[in-house]
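# Results of the structural survey
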Amino acid sequence: MAELILHHYPESPFSEKVRAIFGAKGLAWRSLQVSMVMPRPATIALTGGYRRIPVLQVGADVYCDTALIAEYLDGLGNGPSLYPAGHVLAAQTLARWVDTELFWAAVTLRFLPENMGGFFTNPATAQAFAEDRANFAQGAQVRRPSVDEARARYARFLSEMETQLGDGRPYLFGADWSIADFSVYHMLWFIHAGGGMAEWLGARPHAAAWMERMRAFGQHPGQPVSAEDALTAARDAQPLAIEQTSDLPGIPPGTEVNVAPVDYGVMPSHGTLLRCDTDGIVIRREHALTGAVNVHFPRHGFSVTRY
Ligand SMILES: N[C@@H](CCC(=O)N[C@@H](CS)C(=O)NCC(=O)O)C(=O)O
């Protein structure tokens, strides 16, 4: 198998989810550190437009969105499945809620002055970030909660989490981890990354101990790789053979399509549809820098339209 190359940046919470999964599963990975703001030429050459971070590249196959990246990684490495029998629905549903509803509360909380920590001590960096994220927000369909609402949402969630962990279980659904643990972990990591609100965890010993257990997984660094070497890895590989199928009325395999997130960061990727079914969406693209690549997306949260 080709190497696992994560396109990410250190401050990115969704990247921290994947970095922790690499650690938990003992997977060797290569780290392609991208800028916190656009442009990201190598990553965009590979995805064809999708700009959210992280992206996992495996040779000439590119996996977008951590929901799909986690499913891909689950089949590799050591340890229990991220989707334990009997808890799949609960774990996936909690992970989706955390990655969306709790995420927007987390964004509100993280950018409070008392939670900023060392973020943006340089005004020029802050200005570049604000301009970049204004572009990113074009066409978004999300509602960012007020500070009061975000605090209430997080407080309620943390107190339910404390109760759930109160019987001494090591992970949210019992003796083994699930995808929900990694989603909750990266969100708490993000909220507390600036060092603020420490008392929120301090007052909840079970949640605090769980957080330290999860944080240990994140200490598993990747070997740096350059953008040039990542592009060479794509050019040197063949994209996976994909069984062609589509459950979209009027959009059969072979159609030129746009695939885009439905909520935010809605910049589409363009390519030829190979597959669209319950398990995901795959398009094939060609680019001078990458050769032929497959770009994979989850089905949930993405739209497919004719180009
Ligand atoms: N549902 C996506 C969310 C990804 C996401 O929102 N990533 C943030 C960074 S953590 C992002 O792309 N922000 C804009 C940017 O970095 O350009 C996933 O699970 O991968």
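Residues numbered from 1 in each chain as written. Predicted model: local features only at pLDDT ≥ 70, side-chain atom pairs only at ≥ 80, totals over all residues. Heavy atoms only, no water.

This brings us to the nonpolar core. Grouped together as the largest cluster of nonpolar side chains are 61 residues, with contacts concentrated most on Leu 73, Met 161, Leu 188 and Trp 210. Domain assignment of the residues forming this core places at least three in each of domain 1 (4-78 + 222-306) and domain 2 (88-216). Discounting chain neighbours no more than four positions away, the residues touching Met 161 are Leu 172, Val 184, Leu 188, Ala 207 and Trp 210. If you look at the next biggest cluster of nonpolar residues, it comprises 22 residues, including Ile 251, Cys 276, Ile 283 and Val 293. (Core = buried A, V, L, I, M, F, W, Y, C linked by side-chain atoms within 4.5 Å. Buried < 20%, exposed > 50% of the residue type's maximum accessible area, 1.4 Å probe, protein only. Domains from an automatic or database assignment. Contact = heavy atoms within 4.5 Å.)

With that settled, consider the side chain of His 192. Within the secondary structure, His 192 sits in the loop between helix H7 (179-191) and helix H8 (198-202). With relative accessibility at 12%, the residue His 192 sits in the buried group. Here Met 197 takes part through its backbone oxygen, which lies 3.5 Å from a polar atom of the side chain of His 192. Dropping the residues within four chain positions of it, His 192 is found in contact with Tyr 154, Met 197, Ala 198, Trp 200 and Leu 201. (Helix = DSSP H or I, 4+ residues; strand = E, 2+ residues; numbered from the N terminus. Polar contact = N/O pair within 3.5 Å; in protein donor to acceptor, adjacent residues only side chain to side chain.)

What follows concerns the site of the ligand. Of all residues adjacent to the ligand, which total 13 residues, the nearest are Tyr 9, Arg 51, Ile 53, Thr 66 and Tyr 264. One nitrogen or oxygen atom from the main chain of Ile 53 is found 2.8 Å from a nitrogen atom belonging to the ligand. Take Tyr 264: an N or O atom from its side chain is 2.6 Å from an oxygen atom of the ligand. Considering the ligand on its own, with 500 Å² of exposed area, one finds that the protein chains cover 94% of that surface. Among the elements of the structure, helix H1 (13-25) and helix H5 (123-136) are those that each provide at least two residues to the shell around the ligand. Residue composition of the shell around the ligand, grouped by class: six nonpolar, two polar and five charged. (Near = heavy atom within 4 Å. Areas by Shrake-Rupley, 256 points an atom, 1.4 Å probe, with all protein chains shown as cover. Nonpolar A, V, L, I, M, F, W, Y, C, P; charged D, E, K, R; others polar.)

Let us look at the environment of Pro 41. As for its placement among the helices and strands, Pro 41 is situated in helix H2 (residues 41-47). On the basis of relative accessibility, which here comes to 59%, the residue Pro 41 falls in the exposed class.

The next point concerns the domain arrangement of the protein chain. Partitioning the protein chain into structural domains gives domain 1 (4-78 + 222-306) and domain 2 (88-216). Placing a centre on the C-alpha atoms of domain 1 and another on those of domain 2 gives a separation of 24 Å. Every contact between the two is made by 29 residues of domain 1 and, on the other side, 27 residues of domain 2. It is Pro 13, Lys 17 and Tyr 264 in domain 1 that bury the most area against domain 2; as a group they hold 24% of the surface buried on that side. Where domain 1 touches domain 2, the interface holds two salt bridges. Here Lys 17 makes a salt bridge to Asp 99, at a shortest N to O gap of 2.7 Å. The interface formed by domain 1 and domain 2 includes 10 residue pairs in polar contact (both at pLDDT 80 or more). (Buried area = accessible area lost by both parts, 1.4 Å probe. Salt bridge = Lys/Arg side-chain N within 4 Å of Asp/Glu carboxyl O.)

Another aspect to go through is the environment of Ala 260. Residue placement: Ala 260 occurs in strand S7 (residues 256-261). Between the alpha carbons of Ala 260 and Val 304 there is a distance of 6.9 Å; along the sequence they are 44 residues apart. When near neighbours in sequence (up to four residues on either side) are disregarded, Ala 260 contacts Val 266, Met 267, Pro 268, Gly 301, Phe 302 and Ser 303.

On to the pattern of salt bridges, then. All told, the structure shown has 17 salt bridges when counted by the stated rule. With a closest N to O distance of 3.0 Å, Arg 52 and Asp 263 form a salt bridge. In this pair, Arg 52 is assigned in the loop between H2 and strand S3 (55-58) and Asp 263 in the loop between S7 and strand S8 (269-277), connecting sequence segments 211 residues apart. A single salt-bridge network, built from bridges that share partners, covers Glu 101, Arg 143, Glu 149 and Arg 153.

Here the focus is the layout of surface pockets. Considering only enclosed or pocket space, the largest pocket measures out at about 1200 Å³ in volume. Along the wall of the largest pocket there are 49 residues; nearest its centre are Phe 14, Arg 52, Asp 99, Phe 103 and Tyr 264. When residues of the lining of the largest pocket are traced back to their parent elements, those giving at least two are H1, helix H3 (66-74), helix H4 (88-110), H5 and H7. No other element matches H4, which puts eight residues into the lining of the largest pocket. Taken domain by domain, the lining of the largest pocket gets at least three of its residues from each of domain 1 (4-78 + 222-306) and domain 2 (88-216). Of the pockets and cavities examined, the second largest pocket occupies roughly 180 Å³. What lines the second largest pocket is simply Leu 94, Trp 97, Phe 157, Glu 160, Met 161, Gln 164, Leu 172 and Phe 173. Here the lining of the second largest pocket takes four residues from helix H6 (residues 147-165), the largest share from any one element. When its residues are assigned to classes, the lining of the second largest pocket shows six nonpolar, one polar and one charged. (1 Å grid on protein atoms, 1.4 Å probe; cavity = no way out; pocket = protein on both sides within 12 Å on 5 of 7 lines; lining within 4 Å. Points joined across faces, edges and corners; volume = space filled by probe spheres on them.)

What follows deals with the packing of H7 against helix H9 (residues 205-217). At a closest axis distance of 10 Å, the pairing of H7 and H9 adopts a crossing angle of 95°. When the interaxial angle is binned, H7 and H9 end up roughly perpendicular. Every residue of H9 that contacts H7 at Asp 181, Phe 182, Val 184, Tyr 185, Leu 188 and Trp 189 is listed here: Trp 210, Met 211, Met 214, Arg 215 and Phe 217. Here the residues of the contact of H7 with H9 are counted per class, giving nine nonpolar, no polar and two charged. (Axes fitted to C-alpha atoms, helices over the stretch in contact; angles between N-to-C directions. Parallel < 35°, antiparallel > 145°, perpendicular 65-115°, else oblique.)

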